[in-house]
Every structure is written in structure tokens, then in C-alpha cells.
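# Coordinate analysis (summary)
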Amino acid sequence: MKFQIKNIIAIICIALTFGSCSSDDTAPTVNELEGLTKFKEITNTNHTIELYSHQPVQQGYNEISLKIKDNASGKYIQNAAISWLPLMHMKMITHSCPKSAIETAGTSGTVYKGTIVFQMAQNATEYWDLKIDYSINGTAYTATSIIDVPASAKQRVTSFTGTDNVKYILAYAEPHHPKVALNEMTVGLYKMESMMDFSVVDNFKIKIDPRMPSMGNHGSPNNVDLTQAAADKLYHGKMSLTMTGYWKINLQLLNANNEVLKGEAITESVPASSIYFELEF
Amino acid sequence: MKKLLILIFFFFHIAIPLLAQEKAVDTLAPKTLTEVIVIGKKTQLSQKQAKPLTTVDDYLQQSGKVDMVKRGGYAWEPLLNSMATERTLVTIDGMRVFGACTDKMDPITSYVEVSNLSEATIESGQQGSCHGATIGGAIDLKRNRSGFSDSGWEATLNSGYETNSNQKILGTAINYTASKFYIDTDFMFRDAGNYDAGNHEEVLFSQFRKFNISGTSGFSFKENKLIEASVIYDKATDVGYPALPMDVSLAEALITSLKYEYAPKLPLLEKWETKIYYNTVTHKMDDTKRPFVPVHMDMPGWSDTYGFYSKVNGVYNAHHFTADLNSFYNRSIASMTMYPSDPSENLMFMYTWPDVRTLYNALFLEDNYVLNCHSSFKFTASIANHFNKVSNELGLESLQIFYPDMKDSKNRILKSFSAAYLVDKSYFSYSLGLAYGDRAPSVSEGYGFYLFNSFDRYDYIGNPELKNESSLEGNASIGFATEKFSAKLMSSYFHISNYIVGKPDDSLIPMTIGASGVKIYTALDYATIFNTDFSLEYQLMSNLKWTGKLVYSYGKDNHQDNLPFISPLRYASSVQYHINKFTSEIGVQGNAVQSQYNPFYGEDRTPSYAILNASAGYSFVLDKSKLGLKAGVENILDTYYSTFSDWNNIPRKGRNFFMNLSFGF
């Protein structure tokens, strides 16, 4: 971190020194959609909503960016107030899932960003749709469309009932591209208030124990348990992976009093926890 | 780096005024403490050896300072003063070569053949610091070279067979010498099956097959200038390591050098020798032939070394001095790929040596000051810069799991000093020496990643933050010799600070299936090692000679616990008889019980043993051709035994009949 700050200062100094000799420098244009792929367009009579994601949308934690295009002018809308509602249409019931608020991302003001945690995948008869409500200069609009949420190849989300009888959802957010290294790890923790209402859980702790079942349950050292960050409300910690391959990240959820609500410590006789994520790289 | 440059300048400034003086008429040669094992002379292998076509390892074992860690029938690891590869220095004609195996299955001595070599010089402790930093000492394997003469073509055919292991040996040596040019070539092939231990117990996976081809060519373009090129290519395939969980499918080395030698007609300088060299080693482990393998693994390793040295010898009055500037650049990389039993899973991959680059630059100075016809002082000093860099990003980040603040490079300064006083009178000779030397951690000790040691069954993790290991050493020898009788007692004592060992960390989970745990390389405050060897020779009659040898070693750490691979009392005794062209020898060798062992390193008590060997030889001379025939029996009584340095107690060879034939024309 220190190193980065030093670098940033150095770059600023260089920029100032060189920048001062020419007056008509223009700010470089940053591609705000760098690395993102458009996976869906939802159209109503006035606008087309473009949905982007970094990785294909699937069961689990998804970071979704969106832009609203005016169908008439072709221009992207700034300063829209947006909310969304993902809904799972099951045979008997309909429920939602954990989601964040949508905020403006980037400098142009036309890209909006949020996260949705699809705790289950679609199947032949059950599907997700996404309703987007937005208002531009006080005028409200809405758009709804079915979206594809296939099952993930490896487990990225787990929902369970804790010993406190509360239903929790744990979702793996980062790293997107795990490395043989000490990885910064981010996880979202939510509780189910009702079928439609999910909230972020505060001040808990998530213990991790990465293991390789194919290597005699080899485990990695110097992992750091995940605790909540004030800024993004997500849980952050460190996960070390000593080689490539298939890893099972065994989890334990602890409440603010350090009581285990779900998950088991790994021992000779307990090779895996009842809650876990999977990784393969 | 700056400091080093200043020091180099400092040394040169001392040296220059010396060089400007005039050469003295003093012709007294200085005494040295070097032990020399003769292996061959020109095309002919030493016919004094009971078994001339034996391995380099066997030749080296004749020294009281050398032991061999044996993991099978081939590629033994030399221990010098009870110290293994990390603490010693093995060079080929002054060239640094580094094995490419993370499990030390390819010591340098495995990449040369007896037919390549004329002799091995063994120097104890800091006496051996000329070619690099060492603690235990140095072995320099000297290549065979014909030199300039008008003898023209010379050829030798070597052939051997051993009943136990069904080993077949075939070799040729063809030399051509002229007054200004020579070329030496040699080839040797060995093919051995599994050997039987005593009582006809077959030791599975002890087979090996290798060939070695080499050439040296020299050209003298002025009477005092010589240029010499040399190449060795060695390839071993299908090498079994019965003591290890894996074998080797390929161990291949290419060792090349170019030397320029100049004997200036100057008053002070006698010889100036400069060599540049390059060698590359490839090593591939193989577990595909083993019956039970929990996870199949590929473990290849590569080691490339570029180096040079420039060495000046001179005489000024009673000072015989040497200055040697040497450098090498090594790249060591090894990886492990594991194949999950479920083939749909991704392969598991890690770097076990994360592309470690080592740049080493050293200046070595020696002065041999001849006091009078029977006594001299010898001083050596060296200073070196040892720089390591981890060049592989994945490998660096892997190690940063253990050492989050680790940087990719590390610089070390290594020093060495020694002083010795030698006296050699008509009957008595003695010497006294004191020395100090540093060494840097080896690639495995500094940067290894989950290296499994099948001896103590731990996975080892390197530690880039280790301090230099340093040794304070004292040595003494006393000898008595008459025409018929000679006796010599040599001892050395090492106090090694920051002694590097692996320490178990219970919080870590091993990677290797079945391993007991994980050890992290760390340093003990100190350890002490004491070695003494006593040799006797008595000419009973003009053609009957008796030789005896007794070696005792001792090694303790700062908690008075035993160090690993410390030899129990060992002895050898033999009687040689020769008449005309006939030679014969009968000998016994053995070890006492190994009572100083340490289970912490995976050792257990090894019982005593003694084996009996006998051999006989005859040399025929027909016109200009010479035929040497040697035959013998090793372990005549077919004793089942294993020694303290047999990895995982694998038994040694049972009774073995051998025959070596060498035909020169």
C-alpha cells in the first residue's frame, strides 16, 4: 500500500512537471466499460437499458453495470435515479434476492453500477426476471425482462439457516481471478428478512479454511478471517492458495459474540464444512 | 555493490606494488594440505585402484573426509567433513555446476565419469574457498588432458562387468597429441539392473543407465600461450532411487568451457589462466513405474550456469601468490504438476524453485609464504557478492504467502579468511590452521516451496530471510613417515553459527500426501562438527603393504542434540601384494554402531557392519599394447547391511563379482 501511495505521488509529481509546460492538455478519455461485456438489453418505448457484467451472469454474486440510452436521440442518460428488483418465479412462490443500491460509477455519469446475489439458478420451469424502475428529471419509467441465471460450475453462493434460526446467504465476490498467492478475498453476507427483503449482516466474522480434496485435503497457511469493512459493507480477508487446481473454501460463520452459527472446523474426521465455496483455476 | 567495488580496488592496490617488484630466485615449493585422489592418467585409468572402472563416488570415498549419502545404486551425494551439498563446493576444473533436482538426486559428481577425470582434489574447510563460498570444504574434479607431446594417437578400450546388478560397462578413450595440438575424447556407457542386497534380497528400482561423452582439445599458438576447449555431455535415463518415492527418467548435462592459459615471461607472474564456461542441466523425476502413487506428479528441474574465472599465479621472493577473480550466474527453476485422480479437474501446479537467479562475484587471494626449506605459512582471503533474485511472478507470490513482506531480490556479502602454518621435516610433519568463512543459503533453503524430504517425511519451505551461515574453523594434522612406515592424524573442528536446519511448524498442513508435517528453514544459534581421521601405512615386505584407516566424527547442535549424517567410527584395513605384473588386495571395511543419531532428522540407530573385499589384477604388455585385467569380489560374505548414510536404511550391495578390462594401444 505504501508503495502504491509513493508511486501515485511520484506520478503526480511527474504529471505536474511535464503538464505545466503545455496549457491545452485534454483529460484522457477513459473507457468506462473496459473489461465489461454487454449481456442484455431491456427496451421500453422510451429507452434501451444496456446491462454489462465482468463475468457472465450466473448463480452467485454478480456485479452489474448499466447504461440507459434514449431511443430517440441515441444519447446516454445522466443523473437517473434507479432501483431494481430481481424476482425468482418458482412454481408456488416468488421471491427476490440480496441486492445493492445502484450508484453512478465513473466520471461520465452515464454508467450505473450495483450488485445482485442470485442465490439459486434458473431451471426448466423456474426463472429470474429483473425489473428496473428509474426516473429522469422527475418522470418515472420502468422496464422488465427475463434474464438468464445459469447454475455456476462451482459453488459461489450458499444459503443456510444458522443456529439462531436466521436464514443467511453467503456469496463469494472476489477474487475474480484467483492466483497462487495470498489473495484479497471479498464475500457478501446477507440475511433473509422476508421473501422480498434481504439485508446486509453487520459485525459478523467469516472463517475460511481452503483445502484441496485431491491432495489429501492439503490446506494453505496464513489465511486471514473475513471481517466487515465500513466502506462497502462487504467482508474482507485474505485467502492463500499454494497451487493451481480445485480448492474447496470451507467456511464458518460467527456472530458478533464469536459464536459459530454454521460450519465446522476441519479435522482428520471432518474433511469438509457444511458451508463452503469452490474455486478452480 | 559499491562497497564491493571499493574492496576490490583495495585488494588490487595491495597486489599491484607486489607485482612491480622483481622475481626471486627462490625455488622452494610451498606445502599444501590438499588431498589428491588419482583417478586416471591420460587414457589409462588408475591401475592402482582395486576396481578402476568403479564410479567417481567410489574413488572419492577413499578420502577420510568424504562420505556418501546413498539413495540407490547411482548418483550418491558426497558429504565432506560430514556436510552435504549446501555446505560444500564441488567443481569441475574450477567450474561451478548446480544440480537441477530439488531432492538432490543429481549431485555434480553424477554428471562426470571416471574416464573424464585425472584426479580429485579434496580441500578441507576454507582451504577450498578458491572457487566459491563453502563451509565444509571443496572437491575439485580435474579433467583429463594429454598436454603437448609427439606421441600421436593413443587409444584405450575399457570394459567391465559386475554380476550383482548385471552391470555392463563399455568405454573408449582416444587421444591424439602433437607438439602444438591435442585432442582427448572419451566415451563411457553403463547399464545396470537392480542389485541384490545380502542374502539375495533384490532392491527394486535400483537400476540405472547412463552414457557420458567428452572431448578436450588444446592448441598452443605460441610457446607460452594455450587455448583449450572442453565439453562433457552426460545423459542418464531410467535411474531408480529405491530409497525415494520417485525415480528419474532423465538427468542430462552439457558442460562446456573455453580456457586461455598464458605463461608470461615476466619476473613475477608464472601463469595466468582465464576460463569462460556454460553448463545446462535438465532433470526429470518420474513416478510412473511405482506401484502405489497417491497422486501422479511431474517434477522437472533446470539449472543453467554461466561463469568465468581468471587466475594468476606468481612468485615474489618467498611468496607464492594466487589471485582469482571469479563469477557465475545461475538460473534454477523447478516445478511440480500433480494430476488429480478425477481427470476433469484442473492440474495442480506450483513452482518448487521459483526461477531463482544467482549472481556471484568473488575475489580470492592466497599467499603461500615459504619460511625455509621445511616450513611455510599460507594465508587466504576472499570477498564475494552473492545476489539472488526470484524472477518468476507466480513463484514470488507463492513465497509471499509465507513472507508477505518478501522482496524479489536479496544481496549478501560473503567473506572468508584462513591462515595455516605447515612444517614438513624429514620424519615429522605437522600443520595448524585457523579459518573463518560464510556461505549464503542454497536455493532450496532460501526459496524452496513444499520440497518433500523422504528421510524425515516433512515438506520443506525455504526462508529468504535467513542470515548467512558462518563457520569458525580450526584444523591440525600431524604426520610421521619413514621409508617403511607412515602415519598421519588429521583433525578439523567447525563452529558453525546460524546453522541452517528445518524447524517443524505445527500450524502448517503438508502438501505431500502422507507427509508428517511442514518444516520451515531456520537457523540454530550454532552447531559444532569435529572430524578426525587417522591413516597408517606399513611396508611389511618389499612387495607387501598394509594400510589402515580410522575415522571419527562428531556433530552436535547448541542443545547438544546430534546433527544428521554424522558417521559413527569407521575403519578400513587392507593388505596389498604385488609381484611383477601381478597385484592383489584383500581388505575389510566397516562401521561401528551409529549411536549418535537423531530421530528429528529421520535417523535411527544403524547397527555395525563389516564387509570383506578382495581383488587381483594382471597387466600384460604386448609390443606397444597394454592390457590391464582386474577382477575381484566385493562383500565376499554376502553380508546384509546398511550404513548411517543410506537414505531410509536401504541395504547396500551383497556379494558382487566384477571384472574390469582395459586395453590400450
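Residues numbered from 1 in each chain as written. Chains lettered and ligands numbered in written order. Predicted model: local features only at pLDDT ≥ 70, side-chain atom pairs only at ≥ 80, totals over all residues.

## Some thoughts on the overall build of chain B
Within chain B one finds four helices and 35 strands. In terms of overall size, chain B behaves like a compact globule, its C-alpha atoms giving a radius of gyration of 25 Å where 665 residues would be expected to give roughly 26 Å. Taken over the C-alpha atoms alone, chain B extends approximately 75 × 60 × 50 Å along its principal axes. Of all 665 residues assigned to chain B, the portion counted as buried reaches 46%. When contacts within chain B are restricted to residue pairs at least 6 apart in sequence, those whose partners lie at least 24 apart make up 66%. (Helix = DSSP H or I, 4+ residues; strand = E, 2+ residues; numbered from the N terminus. Rg over C-alpha atoms; globule rule 2.2 N^0.38 Å. Buried ≥ 20, exposed ≤ 12 C-beta atoms within 10 Å, placed from the backbone. Contact = placed C-beta atoms within 7 Å.)

## Considering the sheet that holds strand β1 (residues 35-38) of chain B
All names here are of chain B. Judged by pairing direction, the sheet is mixed, and its five strands sit side by side in the order β1-β8-β9-β6-β7 without closing on themselves. Only two strands of the sheet have a single partner each, and these edge strands are β1 and β7 (95-96). Two elements, β1 and strand β8 (residues 117-124), share four bridges in a ladder whose sense is antiparallel. Bridging across to β8, Glu35 finds its partner in Ile122. (Pairing = 2+ DSSP bridges.)

## Some words on the domain arrangement of chain A
A common way to state how big an interface is: give the accessible area lost once the parts meet. All names here are of chain A. By the assigned domains, chain A splits into domain 1 (37-147) and domain 2 (157-280). Each of domain 1 and domain 2 has a C-alpha centre, and these two points are 27 Å apart. In this assembly, 12 residues from domain 1 lie in contact with 12 residues from domain 2. Broken down by class, the residue content of the side of domain 1 that touches domain 2 amounts to five nonpolar, seven polar and no charged. (Domains from an automatic or database assignment. Nonpolar A, V, L, I, M, F, W, Y, C, P; charged D, E, K, R; others polar.)

## Thoughts on the interface of chain A and chain B
Contacts between the two partners involve 20 residues from chain A and, on the opposite side, 26 residues from chain B. Among the residues making up the side of chain A that touches chain B, the classes are represented as eight nonpolar, 10 polar and two charged.

## A word on the pairing of strand β7 (residues 111-118) of chain A
A regular strand places its side chains so that they alternate between the two faces of the sheet. Residue and element names in this part refer to chain A. Pairing between strand β3 (residues 60-70) and β7: seven bridges, direction antiparallel. When the bridges of β7 are listed, Glu63 appears paired with Thr115. Here strand β6 (residues 103-105) pairs with β7 via three bridges, running antiparallel. Counterpart to Ala105 in the pairing with β7 is Val111. With antiparallel pairing between neighbouring strands as the criterion, β6 and β7 make up a hairpin whose turn holds five residues, including Gly106 at a positive phi of roughly 80°.

## Details of the nonpolar core
Counting residues in each nonpolar core, the largest one holds 164 residues, and the members touching the most others are A:Leu170 and A:Val187. Two domains each donate at least three residues to this core, and these are domain 1 (37-147) and domain 2 (157-280) of chain A. Excluding residues within four positions of it along the chain, A:Leu170 makes contact with A:Val157, A:Thr158, A:Val187, A:Leu189, A:Leu251, A:Leu253 and A:Ile275. Judged by nonpolar contacts, the second largest core, of 11 residues, contains B:Cys130, B:Leu363, B:Ile383 and B:Ala384. (Core = buried A, V, L, I, M, F, W, Y, C linked by C-beta atoms within 7 Å.)

## Examining the sheet that holds strand β2 (residues 47-53) of chain A
Strand-to-strand pairing in sheets goes through backbone hydrogen bonds, with the strands running parallel or antiparallel. Residues and elements named next belong to chain A. Read from one edge of the open sheet, five strands run β1-β2-β3-β7-β6, paired in antiparallel fashion. At either end of the open sheet lies a strand with only one pairing partner, and these are β1 (37-43) and β6. In this sheet, adjacent strand axes meet at a mean angle of 35° when their direction is disregarded. Taken together, the seven bridges between β2 and β3 define a ladder with antiparallel strand orientation. Across the sheet, His47 pairs through a bridge with Asp70, a residue of β3. (Axes fitted to C-alpha atoms, helices over the stretch in contact; angles between N-to-C directions.)

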